[in-house]
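The chain contents come next:
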Amino acid sequence: AVPAPTPSNRARPGGVPSLEQLRELFPELEILSLLGAGGMGAVYKARQPRLNRLIALKIMVAPPGNEADFALRFEREAQVLARLSHSHIVVLHDFGELGPERTGADPLFYFLMEYVDGTDLGQLIRAKELMPAQALAIVPQICEALQYAHDQGITHRDIKPANILIDKRGVV
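Residues numbered from 1 in each chain as written. Predicted model: local features only at pLDDT ≥ 70, side-chain atom pairs only at ≥ 80, totals over all residues. Heavy atoms only, no water.

Caption draft 1: A look at the sheet that holds strand E1 (residues 30–37). With antiparallel pairing, the 5 strands of this open sheet are ordered in space as E1-E2-E3-E5-E4. Across the chains shown, the open sheet's two edge strands, defined by having one partner strand only, are E1 and strand E4 (92–98). Ignoring strand direction, the axes of neighbouring strands in this sheet form an average angle of 25°. In this sheet, strand E5 (residues 108–114) lies alongside E4 in antiparallel orientation, the contact comprising 6 bridges. Along E5, the bridge assignment pairs Asp94 with Leu112. (Pairing = 2+ DSSP bridges. Helix = DSSP H or I, 4+ residues; strand = E, 2+ residues; numbered from the N terminus. Axes fitted to C-alpha atoms, helices over the stretch in contact; angles between N-to-C directions.)

Caption draft 2: Region of the structure containing the confidence of the model for the protein. Confidence in the prediction for the protein averages 86 pLDDT; 91% of positions are at 70 or higher. Ignoring residues within four places in sequence, the model shows residues 1–13, a span with pLDDT below 50, making 32 contacts including any to other chains. (pLDDT = per-residue confidence, 0-100. Contact = heavy atoms within 4.5 Å.)

Caption draft 3: Structural view of the packing of aromatic side chains. Counting across every chain of the model gives 6 aromatic pairs. Residues Phe70 and Phe74 carry aromatic rings whose centres are separated by 6.3 Å and whose planes lie at 15° to one another, so their mutual orientation is stacked. Residue Phe70 and its partner Phe74 are both found in helix H2 (residues 67–83); the two are separated by 4 residues, about one turn of the helix. For the pair formed by Phe70 and Phe74, the shared burial category is buried. Members of the aromatic cluster, connected to one another through ring pairs, are Phe70, Phe74, Phe95, Phe109 and Phe111. (Phe/Tyr/Trp six-rings, centres within 6.5 Å; stacked < 30°, edge-to-face > 60°. Buried < 20%, exposed > 50% of the residue type's maximum accessible area, 1.4 Å probe, protein only.)

Caption draft 4: Structural context of the side chain of Asp120. Following the sequence through the fold, Asp120 ends up in strand E6 (residues 118–120). At 2.8 Å, the side chain of Asp120 and the backbone nitrogen of Gln123 are in polar contact. (Polar contact = N/O pair within 3.5 Å; in protein donor to acceptor, adjacent residues only side chain to side chain.)

Caption draft 5: Structural detail: the nonpolar core. Counting residues in each nonpolar core, the largest one holds 19 residues, and the members touching the most others are Phe26, Leu29, Ile31, Tyr44, Leu57, Ile59 and Tyr110. In this structure, Ala62, Ala71, Met113 and Ala145 belong to the second largest nonpolar core, which totals 18 residues. (Core = buried A, V, L, I, M, F, W, Y, C linked by side-chain atoms within 4.5 Å.)

Caption draft 6: Quick look at unusual backbone geometry. Look at Asn52: it is not a glycine, yet its phi comes out positive at around 50°. On the secondary structure map, Asn52 appears in the loop between strand E2 (41–48) and strand E3 (53–61). The exposure class of Asn52 is exposed, given its relative accessible area of 58%.

Caption draft 7: Here's a closer look at the pattern of salt bridges. Taken as a whole and judged by the stated rule, the model has 5 salt bridges. The partner of Arg23 in a salt bridge is Glu20, with the nearest N and O atoms 2.6 Å apart. A residue pair is termed a helical-turn pair when its members lie 3 or 4 positions apart in one helix, as Arg23 and Glu20 do in helix H1 (residues 19–25) at 3 residues. The partner of Lys168 in a salt bridge is Asp117, with the nearest N and O atoms 3.6 Å apart. Of the two residues, Lys168 sits in the segment after strand E7 (165–167) while Asp117 sits in the loop between E5 and E6, which places them 51 residues apart along the sequence. (Salt bridge = Lys/Arg side-chain N within 4 Å of Asp/Glu carboxyl O.)

So, in structure tokens, the structure goes:
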């Protein structure tokens, strides 16, 4: 797993809020740590106290000037993900948008998703920790998930090791 950075009161690059800002924006959640960040957003480990479960909070910021198009694509993606029910596909619990009146800045888009306690395939490859037997166990699981999505009429357009999560038991 990615080590958590020290919390800061400043926004992160790309307009993604700090841990402290997220705690204010999502008072119903306990924001625990940053799991990873990319060009358009970040993913945080959080806890839903009322349900007593860990979740992943994915925050995305629309590119300036493209907020309306981004919002439509974001909602479509959420609806597509919500239709999928497969043991090797992360579950979407909820999604939404926080407008500028709430953020004090650009709108934020978020997914509340199943938390996978493990790592991604990219990290396993970079760490040279992936044994041949593990790879042979992982590949069929990836294929099952992709085939299921294809059977639902969905094409994943960003298959890469960093987007394949593997829990501590080796389950994709």
